[in-house]
Amino acid sequence: MAGIGTVSTCWVYAVVPWTPEDERQCYQRLGSAWLLRSDSKYPGLTRRHHVGTLVSNTDERDEMYALTPLRLLEVNSSLIWDWPYLQQIISLMKRDSFNGLVIHQQDLFALLVNPSAYCLHGKDNLLCERQEKLLYIQRLCRYCNMSNIGIWLQGEAFPFGGKLQEKYPEYALIENSNADEIFWKNFYQKELAETLCQLPAIDGVIITLPRHLPYRANWSSTLPYLYQTLRSLGKKMVLRDYMDDEAAPWQLLSALQVLPKDVRVSLKAVPAGYRPGFATNPLFMQLEDRIKWIEFDLWGLEYGWTLLPCYLLEEIQGRLSWVENVTGDRLEAVTGRLSWEWISNSSLINSVNSINLHGLAMFGREMGMSEKQAFHCWLTDMLGHKVEKTELDAFHQLYISSHEWMKKTPYILGHVLHHYSQVPKTFSQAVKQLQLHSRRSDDFAVSALFPPDDPATGNEQYQLLLLEKQRALFLAQHTRSQLHFMLQHTHISEENRNLFKRVWERVPWYTTLFDDVAKGVAMKLMLERYGSLNGVSHVELTRQINQLRQLANRLGEWLDKEEQQQPHYLAMLFDPARLLTLAESLEQD
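Notes on the structure follow. What you are looking at is a predicted structure, and each value in this text was computed from that prediction instead of being measured. (Residues numbered from 1 in each chain as written. Predicted model: local features only at pLDDT ≥ 70, side-chain atom pairs only at ≥ 80, totals over all residues. Heavy atoms only, no water.)

Let us now look at the nonpolar core. Membership of the largest hydrophobic core comes to 169 residues, with the highest contact counts inside it found for Leu101, Leu153, Phe296, Phe375, Phe500 and Phe574. It is helix H16 (residues 494–530) that provides the largest number of residues to this core, a total of 18 residues. In this structure, Phe296 is in contact with Ala269, Tyr274, Ile316, Arg319, Leu320, Val334, Thr335, Gly336, Arg337 and Leu360, ignoring residues within four places of it in sequence. The next biggest cluster of nonpolar side chains, apart from the first, holds eight residues, and it includes Leu70, Leu72, Trp293 and Ala333. (Core = buried A, V, L, I, M, F, W, Y, C linked by side-chain atoms within 4.5 Å. Buried < 20%, exposed > 50% of the residue type's maximum accessible area, 1.4 Å probe, protein only. Helix = DSSP H or I, 4+ residues; strand = E, 2+ residues; numbered from the N terminus. Contact = heavy atoms within 4.5 Å.)

Attention shifts here to the sheet that holds strand S10 (residues 264–268). Taking strand neighbours around the barrel as the criterion, the eight strands line up as S5-S6-S7-S8-S9-S10-S11-S12 in a closed arrangement whose pairing is parallel. Between one strand axis and the next, the sheet turns through 25° on average, direction left out of account. The sheet contact formed by S10 and strand S11 (residues 292–297) spans four bridges and is parallel. Residue Lys268 lies in a different strand from S11, and its bridge partner there is Glu295. (Pairing = 2+ DSSP bridges. Axes fitted to C-alpha atoms, helices over the stretch in contact; angles between N-to-C directions.)

The next thing to look at is the packing of aromatic side chains. Two aromatic rings, taken as a pair, are described by how far apart their centres are and by the angle between their planes. Tallying each qualifying case throughout the model produces 34 aromatic pairs. Ring geometry for Trp558 versus Phe574: centroids 5.4 Å apart, planes at 80°, classification edge-to-face. Residue Trp558 is found in helix H17 (residues 538–561), and its partner Phe574 is found in the loop between helix H18 (570–573) and helix H19 (576–587); the two are separated by 16 residues along the sequence. Trp558 gets classed as buried once you look at its relative accessible area, which sits at 7%. Taken together, the aromatic side chains of Phe158, Tyr168, Tyr171, Phe183, Trp184, Phe187 and Tyr188 make up a single cluster linked through ring pairs. The ring of Phe278 has Arg275 sitting right over it, with the charged end atom 5.9 Å from the ring centre. (Phe/Tyr/Trp six-rings, centres within 6.5 Å; stacked < 30°, edge-to-face > 60°. Lys NZ or Arg CZ within 6 Å of the ring centre and 35° of its normal.)

With seven of seven residues buried, strand S7 (residues 150–156) lies mostly within the body of the structure. Relative to S7, strand S6 (residues 100–104) runs parallel, the two being bridged by five bridges. Bridge pairing in S7 links Ile103 to Leu153. In this sheet, strand S8 (residues 204–208) lies alongside S7 in parallel orientation, the contact comprising five bridges. For Gly155, the partnering residue across the bridge sits in S8 and is Ile207.

A word on the packing of H17 against H19. Following both chains from N to C, one finds H17 and H19 inclined at 170°, their axes separated by 9 Å at the closest point. The angle between H17 and H19 falls in the class roughly antiparallel. For the pair formed by H17 and H19, the contact residues are Leu541, Ile545, Leu548, Arg549, Leu551, Ala552, Leu555, Gly556 and Leu559 on the first element and Pro576, Leu579, Leu580, Ala583, Glu584, Leu586 and Glu587 on the second. Class assignment of the residues belonging to the contact of H17 with H19 gives a composition of 12 nonpolar, one polar and three charged. (Parallel < 35°, antiparallel > 145°, perpendicular 65-115°, else oblique. Nonpolar A, V, L, I, M, F, W, Y, C, P; charged D, E, K, R; others polar.)

For S8, the tally of buried residues reaches five of five residues, placing the bulk of the element in the interior. Residues Gly204, Ile206 and Thr208 point to one face of S8 and Val205 and Ile207 to the other, with burial holding for every one of them. Bridging between S8 and strand S9 (residues 236–240) involves five bridges; their strand directions are parallel. The partner of Thr208 across the bridge, within S9, is Arg240.

Following both chains from N to C, one finds helix H12 (residues 371–383) and helix H13 (residues 389–408) inclined at 105°, their axes separated by 10 Å at the closest point. By the angle between their axes, H12 is roughly perpendicular relative to H13. When H12 is examined against H13, the residues Glu371, Lys372, Phe375, His376, Trp378, Leu379 and Leu383 are found in contact with a partner set consisting of Glu391, Leu392, Asp393, Phe395, His396, Tyr399 and Ile400.

Glycine aside, a negative phi is what most residues show, and trans is what most peptide bonds show. Here Tyr420, not a glycine, exhibits a phi torsion of approximately 50°, which is positive. Along the chain, Tyr420 turns up in the loop between strand S14 (415–416) and helix H14 (427–436). Despite not being glycine, Phe450 shows a phi value in the positive range, around 50°. Along the chain, Phe450 turns up in the loop between H14 and helix H15 (455–488).

Before going further, it helps to examine the environment of Arg529. Topologically, Arg529 is positioned in helix H16. Residue classification places Arg529 among the partly exposed residues on the basis of a relative accessible area of 27%. Distance from Arg529 to Pro451, taken between C-alpha atoms, is 8.1 Å for residues 78 residues apart in sequence. Setting aside residues up to four positions removed in sequence, Arg529 forms contacts with Gln435, Leu449, Phe450, Pro451 and Pro452. Among the polar contacts listed, one links the side chain of Arg529 to the backbone oxygen of Phe450, at a separation of 2.5 Å. (Polar contact = N/O pair within 3.5 Å; in protein donor to acceptor, adjacent residues only side chain to side chain.)

Listed below in structure tokens is the structure:
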């Protein structure tokens, strides 16, 4: 086993000048992404270093410059343990030239380690489970290696969940930070190290930071143990923070302060989750000495779970260009997330939003490609025939409209109304979302919503809200009609025809849902802050509450009728019970 600071490295030397043809052949032979630096030991030579290996000297690392960012797909679903599913993912990766696969499960590291000596119940079963998972990942590594696809493991740095408690029952007895630090030191340096020794082919580990808990060790004392373990095994460490509260950036920066400069930092494209139209993460302008990754949530936790259309190609291209400009040579990887662990049976690949994945892959290879060219390539695959200009323009406009529609529907004048794409469960949750999260970008600025000391502004905002929802409803109805007309004049497989119909049938329902919710929440806010003298009365609020209840009934009937034609988790996105709970909370004083 290599010690800290040592590594086995393969170098490729070529006499300068390095021609484009040399570049092309080198990429064809060896694949993946490369790092370039001048070699002072051999004047007149250029040294190319594969980004999948760690160099042993910090000064050398600081001199590296990424030619092309790594392109990784993240699978965050229980389907990672389904071999045919992963074969499908890897086929897609080979087709679109992705060169890294991220296996993500929240308790992954707890799942892969041995149970402790204190584990007395079900120990044989846990050992059997662990062995099966390790054999599976070993097989996956061999399979991916044939296509020059690297493997990364992602999980929580401190997996406090049920699997850890099951394997380490003694953890529940820890009552102070010193004991907690000793536990995690042993976990990283012994248990996790033993596991990773059996997985020599993985490129590295991506860890996420949970919220800090009382009576637990501070990250500054525990994360270095994890780094030392990974470094001794020649594995890269990537630190990310998936939390969506205001403390997340501070916690990430605090953790990085105690870690060496070769620890990568993975940042979400949008700070609090990917919301269309929101500003790109400002942390990319900081951390100048860190190698950075950028993450795109293509599954759509904040924009409809692949069940609703949302075209992001223009945004993705713009964000990638901006990040490359502000980070320079420090951008090492671009990651796209395909799924979400807590709704595991959903598929981006077979959805109408697969265009976003296709575009990310194409922009990762060639930033000079236009957004419409990328769309044209995807549409040709989707329709299965050569696409004429009129057909291209019609579908392109349909998708462009979906982006505007999504920016208006689950929001109030740029303020977030939804909670992970669902309607808020209570009035208090709605108010919290509206206060904490709002859209700010170079071309859009928001003001305080319904300011308590300014009834005139509040009334004006309410009128603007009504106009915004009218526009969203127009887009929903118009695009559905436009789609039906296009499908009558387009040659398309019956499977994809039905897919388009189902998706755009949901659009008016989702629009009506948030139209009624936005009006109810706004009325309640205005009555609380201004009384009934500012254009909204308690009678109107009562009428709106009754309308929410009627809509819940209609939604229930529609979901029952469509049960066998629609994905089962559609009933979660349009949950009538949430709507009834919200209506009840609006009725309370």
